[in-house]
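# What the coordinates show
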Amino acid sequence: MFPDEKTVERIRADFPIGSRIMMVYSADPFAPIECGTEGTVSSVDDIGTIHVNWDNGRSLGVILGEDVIEKI
């Protein structure tokens, strides 16, 4: 189930490009981002995925409701 346009706009407002975040919990069973890893938001796509350039060199999207992040 994808979020509606209003929800995506709220996510974009809450996590604008350049925002710094920290991973609290990653639901990715194959290649999770470790808890405590910090990164920079590079974009939010049309389905609300927050794309992040992580400080450990990885790039991985965050799905709110599956993953947990904090703004720092």
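Before any of the text, the structure's been laid out above.
Attention here is on the structure that accompanies the text. (Residues numbered from 1 in each chain as written. Predicted model: local features only at pLDDT ≥ 70, side-chain atom pairs only at ≥ 80, totals over all residues. Heavy atoms only, no water.)

### So, the overall build of the protein
Heads up, the condition is: Numbering goes from the N terminus for both helices and strands, where a helix is a DSSP run of H or I of at least four residues and a strand is a run of E of at least two. In this description the radius of gyration comes from C-alpha coordinates, and the expected globular size is given by 2.2 Å times residues to the power 0.38. Relative accessible area decides the class of each residue, using a 1.4 Å probe on protein chains only: under 20% of the type maximum gives buried, over 50% gives exposed, and in between gives partly exposed.
Scanning the protein for helices and strands turns up one helix and five strands. Along its sequence from the N terminus, the protein presents helices and strands in the succession α-β-β-β-β-β. Scaling as 2.2 N^0.38, a compact globule of 72 residues should have a C-alpha radius of gyration of about 11 Å, and the protein matches this with 11 Å. Seen along its three principal axes, the alpha-carbon backbone of the protein occupies a region of about 30 × 25 × 15 Å. Across the 72 residues of the protein, 28% fall into the buried class.

### Side note on the pairing of strand β2 (residues 38–44)
To be explicit about the condition: A strand pair is defined by DSSP finding two or more bridges across the two strands.
In this sheet, β2 lies alongside strand β1 (residues 20–25) in antiparallel orientation, the contact comprising three bridges. When the bridges of β2 are listed, R20 appears paired with T40. As paired elements, β2 and strand β3 (residues 50–54) share five bridges and run antiparallel to each other. Paired with G39 across the bridge in β3 is W54.

### Considerations on the sheet that holds strand β5 (residues 68–71)
This is how it is decided: To define axes, lines are fitted to C-alpha atoms, for helices over the stretch in contact only, and angles between the resulting N-to-C directions are given on a 0 to 180 degree scale.
Ordered by their spatial adjacency, five strands build an open sheet running β4-β3-β2-β1-β5, and the pairing between neighbours is antiparallel. One side of each edge strand has no neighbouring strand; the edge strands of this open sheet are β4 (59–62) and β5. When strand polarity is set aside, the average angle formed by the axes of neighbouring strands in this sheet is 45 degrees.

### Some words on the layout of surface pockets
Under the convention used in this document: The distinction between a cavity and a pocket rests on a 1 Å grid over the protein atoms alone: a 1.4 Å probe fits inside a cavity but cannot get out, while a pocket stays open yet meets protein on both sides within 12 Å along at least five of seven lines, and a residue with an atom within 4 Å of a point counts as lining. Grid points are joined across faces, edges and corners, and a volume is the space filled by probe spheres set on the points. Charged means Asp, Glu, Lys or Arg here, nonpolar means Ala, Val, Leu, Ile, Met, Phe, Trp, Tyr, Cys or Pro, and polar covers whatever is left, Gly included.
Computed from the structure, the largest pocket encloses a volume of approximately 210 Å³. If you trace the largest pocket, you find 13 residues lining it, with M1, P3, I47, I63 and L64 closest to the centre. When grouped by side-chain class, the residues that make up the lining of the largest pocket number seven nonpolar, four polar and two charged.

### Quick look at a nonpolar patch on the surface
Note the threshold: The patches described consist of residues with a relative accessible area above 30% and no salt bridge, like charges being joined within 9 Å and nonpolar side chains (Val, Leu, Ile, Met, Phe, Trp, Tyr) within 5 Å. We get accessible surface area from the Shrake-Rupley algorithm with a probe of 1.4 Å; when it comes to residues, only the shown protein chains can shield them. When a carboxyl oxygen of Asp or Glu lies within 4 Å of a side-chain nitrogen of Lys or Arg, that pair is called a salt bridge.
A cluster of nonpolar residues, V24, Y25 and V68, forms a patch on the protein surface that exposes about 240 Å² of accessible area. Within the secondary structure, V24 is located in strand β1.

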